[in-house]
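Here is how the chains run, residue by residue.
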Amino acid sequence: MTVKSVDKDLDHLTLTVIADFTAPVEKVWQLWADPRQLERWWGPPTYPATVEEHDLSPGGEVRYFMTGPEGEKFGGWWRITSVTPPTALEFTDGFAGQDGRPNPEMPTMTVRMTLSEREGGTRMEMRSVFDSREQMDQLAEMGMVEGLKQAIGQMDDLLAA
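Every value quoted in this text rests on a predicted model; they were computed, and no experiment measured them. (Residues numbered from 1 in each chain as written. Predicted model: local features only at pLDDT ≥ 70, side-chain atom pairs only at ≥ 80, totals over all residues. Heavy atoms only, no water.)

Looking at the side chain of Thr122
The topology assignment puts Thr122 in strand β8 (residues 121–130). Of the residues examined, Thr122 reaches a relative accessible area of 0% and is grouped as buried. Within the structure, Thr122 has its side chain in polar contact with the backbone oxygen of Ala23 (distance 2.7 Å). One polar contact links the side chain of Thr122 to the main-chain amide nitrogen of Val25, over a distance of 2.9 Å. Those residues within four positions of Thr122 in sequence are excluded, and the remaining contacts are Ala19, Asp20, Phe21, Ala23, Pro24, Val25, Val28, Leu115 and Ser116. (Helix = DSSP H or I, 4+ residues; strand = E, 2+ residues; numbered from the N terminus. Buried < 20%, exposed > 50% of the residue type's maximum accessible area, 1.4 Å probe, protein only. Polar contact = N/O pair within 3.5 Å; in protein donor to acceptor, adjacent residues only side chain to side chain. Contact = heavy atoms within 4.5 Å.)

Focus on unusual backbone geometry
Residue Pro86 follows Pro85 across a cis peptide bond; omega there is -5°. Along the chain, Pro86 turns up in the loop between β5 (73–84) and β6 (88–96). Phi at Leu13 takes a positive value of approximately 55°, unusual for a residue other than glycine. Checked against the element boundaries, Leu13 lands in the loop between β1 (3–9) and β2 (14–21).

What to know about the environment of Pro102
Residue position: Pro102 is located in the loop between β6 and β7 (109–118). Separated by 25 residues in the primary sequence, Pro102 and Trp77 have C-alpha atoms spaced 7.1 Å apart. Those residues within four positions of Pro102 in sequence are excluded, and the remaining contacts are Arg63, Trp77, Arg79, Phe95 and Ala96.

Regarding the sheet that holds β6
Read across the open sheet, the eight strands follow the order β1-β2-β8-β7-β6-β5-β4-β3; overall the sheet is antiparallel. Whereas interior strands pair on both sides, the edge strands pair on one side only; in this sheet they are β1 and β3 (49–54). Each strand of the sheet is rotated relative to its neighbour by a mean of 20°, with strand direction disregarded. Where β1 and β2 come together, six bridges link them in antiparallel fashion. Paired with Asp9 across the strands is Thr14, a residue of β2. (Pairing = 2+ DSSP bridges. Axes fitted to C-alpha atoms, helices over the stretch in contact; angles between N-to-C directions.)

Laid out in structure tokens, this is it:
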């Protein structure tokens, strides 16, 4: 399994996922940098993503929606804070309404993703920081942890292709 650990730190309001891949850093980076590849793994297998906008530059945005098994659509967005290809990406991650605009009633989180070389491949660390314990609990109840594990679990097949 790709995901090596999931650490939920309630004191620091963080969720950290660590995954190891046998591919080089540059190839793992492409799964983030290429919108067609991103939509093949971002979201659990039963909720595939469709990326509508993809600008990985500071101040840029990524806008997408996931389609559920019954055809229902769930929007999301990232606002890029910083990017250092091919090793780091930081963004604010949030939910969007049916109109595609950020939903202010839903939590947002700051995500920092880093890629580093390790023997035989790449280590990806994805740390999400929440504004409050309530937001962290809300997203956990919505299945965020399991969803992330399933989503990241799809990356190996894409890297092997």
